[in-house]
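# Coordinate inspection notes
For reference, the chains in residue letters:
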Amino acid sequence: MALPETVAPASDRAARAPAEPGPWRDRLLRVLVPLAILVLVVLVWDWYVRAYAIRPFILPGPFLVAETLVKDWGTLSGALFVTIRITFTALFLALVGGTLLAILLVQSKIVELALFPYAVVLQVTPIVAIAPLILIYVPDTQAAVLLCAFIVTFFPILSNTTQGLKSVDHNLLNLFELYGASRWQTLLLLKIPAAQPYFFAGLKIGGGLALIAAVVAEFAAGSAGAGSGLAFRILESQYRLNIPRLFAGLILLSATGVVIFWMTSLASHLALRRWHESALTRET
Amino acid sequence: MSSTASADPSRRPVVRLEGVTKSFANGTLALDRLTLEVRPGEFLSLLGPSGCGKSTALRIIAGLGQPTAGRVDWPATPHDAGGAPERSIGFVFQEPTLMPWATVFNNVWLPLRLKGRSKASVRDAVMEALERVGLTAFADAYPRELSGGMKMRVSLARALVTRPKLLLMDEPFAALDEITRFKLNNDILQLQAELGWTVVFVTHSVFESVYLSSRIVVMAARPGRVFEEIEVPVPRPRDEAFRTSPDYVALCRQASDALTRAMQAAGREVA
Ligand SMILES: Nc1ncnc2c1ncn2[C@@H]1O[C@H](COP(=O)(O)OP(=O)(O)OP(=O)(O)O)[C@@H](O)[C@H]1O
Ligand SMILES: [Mg+2]
């Protein structure tokens, strides 16, 4: 801070540094290192299963799991599709619902006082405990699972977005007031942009939770004897001691989780990269 | 003085605070019967120790928060049907207060945008404002790409894009280093000469207030009130030569003494 801040003349712009050097090496490393770890784990796993002659219903080797994945693809892909559909529908509904409710909450103190406690109650009650009830009240299993996933996903998006809409720089609010901004203008031009980082943090959490909730709800539903999502297939494989298929199902589930994480991170990055500290690679 | 002032509309004060009192819910009496006239074309500095109500006074002039008692009049401003004055104010905060998600252009566009003006229709006005602060090349940059002084210039451009008659500045350069500060002081003086602004400038720097002002109002704290007025009858434009002149030194001493007495006065009342 001791050095004077130079008030750069207009011509300085051209002198600004070009894009940071060597982003490619960085990006390549980011892919190669985890990949190398994966290969290593698979090789050790395979070696262990062969060397100690572990039987497949205790721990199947990685290649047997891969084989099962291909062989049972018909059943598994159908189940995967069901789980994905439920997860993304829940996420989408929670996004729309959570954001709209958050906007409503910050518009009026009364609405917030009336609704927010119940949103919290809904959140803190463990979903596994409500699932049996929901399964009774909602006759269609898929709809019941969807409802469970929605409830779980909804809250982080609601609370994060509400927090964001409220954390607007006070001086900026004054500025808007000074220039006679309407409520609508303040919401659109100030509160919503300011809430974006919070919203995306909520989206990332919600995306992960949607999948978890879909699986948990399906476990609950599966024990009731209906369902065809991945979670149900995993349970079923366990009952039949078809451990290779259980592993294949698990792999599909984590792959789905990774893709969701990647998608929400990408959305966040694309929206915030120009201005928010969290998305910046600082050149110093 | 006041009778001739009201006879000639162009000489009427821009804004007049009469017995303005402001107390906050926590019991703080921020302003106690503050009476103050802002004359057209003058550069008025509010100088005072921290907590004496400078910001509060400025915010009340800007219409951000109502006085608890007293009145704020706009004798030279037309009033709308509802009786509210159609003020034309620019406000520069202590921090640049830019929207980090918007480019420099969009930040400067904001006051006009809130009045319903489209981007295309104000392009020239925005670019002209940016040119006045020397930032045309940065129109598409984001605030994070700018230095502290440059951000303050954007803030200034945003305040002047609406062509306000009255510019209110709340310690705008307090966070900047001295070199940038001197540079921006000169810019402000030049802009005031070109655009004919009336300026109310809050500062706690004696040197800054003497350099910039045509009149200095020294305030005392607890409760906030006008303590003393100092005229600075030095013609403009002023430049670096003024900073080293004997006149400047003498005026600084006068202002500094007044400030010291204001602080002692506040201390006595507390004791
Ligand atoms: N919103 C508020 N609620 C309660 N008290 C306040 C509020 N704003 C200001 N005050 C009090 O009013 C007094 C005057 O505050 P003000 O911000 O006007 O001082 P200031 O002269 O601008 O000081 P500084 O030079 O430090 O900015 C202070 O004692 C402060 O604590
Ligand atoms: Mg202040």
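Residues numbered from 1 in each chain as written. Chains lettered and ligands numbered in written order. Predicted model: local features only at pLDDT ≥ 70, side-chain atom pairs only at ≥ 80, totals over all residues. Heavy atoms only, no water.

Of regular secondary structure, chain B possesses nine helices and nine strands. Computed over C-alpha atoms, the radius of gyration of chain B comes to 19 Å, within 12% of the 18 Å expected from 2.2 N^0.38 for 271 residues, which places it in the range of a compact globule. With the principal axes as the frame, chain B shows a C-alpha extent of 55 × 50 × 40 Å. Across the 271 residues of chain B, 54% fall into the buried class. Partitioning the contacts of chain B with sequence separation of at least 6, the portion at a separation of at least 24 is 70%. Of the roughly 11,800 Å² of accessible surface on chain B, a fraction of 52% belongs to carbon and sulfur atoms. Between the centroid of the 33 positive side chains of chain B and the centroid of its 29 negative side chains there is a distance of 4 Å. (Helix = DSSP H or I, 4+ residues; strand = E, 2+ residues; numbered from the N terminus. Rg over C-alpha atoms; globule rule 2.2 N^0.38 Å. Buried < 20%, exposed > 50% of the residue type's maximum accessible area, 1.4 Å probe, protein only. Contact = heavy atoms within 4.5 Å. Areas by Shrake-Rupley, 256 points an atom, 1.4 Å probe, with all protein chains shown as cover. Lys, Arg positive; Asp, Glu negative; His and termini not counted. Charge placed at Lys NZ, Arg CZ, Asp CG, Glu CD.)

All right, on to the nonpolar core then. F176(A), L46(B), W101(B), L166(B) and L168(B) are the most contacted members of the largest nonpolar core, which totals 66 residues. Apart from residues lying up to four places away in sequence, L46(B) is in contact with L36(B), K54(B), A57(B), V200(B), F201(B), V202(B), T203(B), V217(B) and M219(B). (Core = buried A, V, L, I, M, F, W, Y, C linked by side-chain atoms within 4.5 Å.)

This paragraph deals with a nonpolar patch on the surface. On the surface, a cluster of nonpolar side chains totalling about 480 Å² of accessible area is made up of L28(A), V31(A), L32(A), L35(A) and L38(A). Position of V31(A) among the secondary structure elements: in helix α1 (residues 23-51). (Patch = residues over 30% accessible without salt bridge, like charges linked within 9 Å, V, L, I, M, F, W, Y side chains within 5 Å. Salt bridge = Lys/Arg side-chain N within 4 Å of Asp/Glu carboxyl O.)

Before going further, it helps to spend a moment on the domain arrangement of chain A. Residue and element names in this part refer to chain A. Looking at chain A, the domain boundaries give domain 1 (24-53) and domain 2 (61-279). Distance between the C-alpha centres of domain 1 and domain 2: 30 Å. Among the residues of domain 1 in contact with domain 2, V42, W45 and D46 are the three that bury the most area, contributing 81% of the side total. The interface formed by domain 1 and domain 2 contains zero salt bridges. The tally of links from domain 1 across to domain 2 stands at zero residue pairs in polar contact (both at pLDDT 80 or more). Split by residue class, the side of domain 1 that touches domain 2 holds three nonpolar, no polar and two charged. (Domains from an automatic or database assignment. Buried area = accessible area lost by both parts, 1.4 Å probe. Polar contact = N/O pair within 3.5 Å; in protein donor to acceptor, adjacent residues only side chain to side chain. Nonpolar A, V, L, I, M, F, W, Y, C, P; charged D, E, K, R; others polar.)

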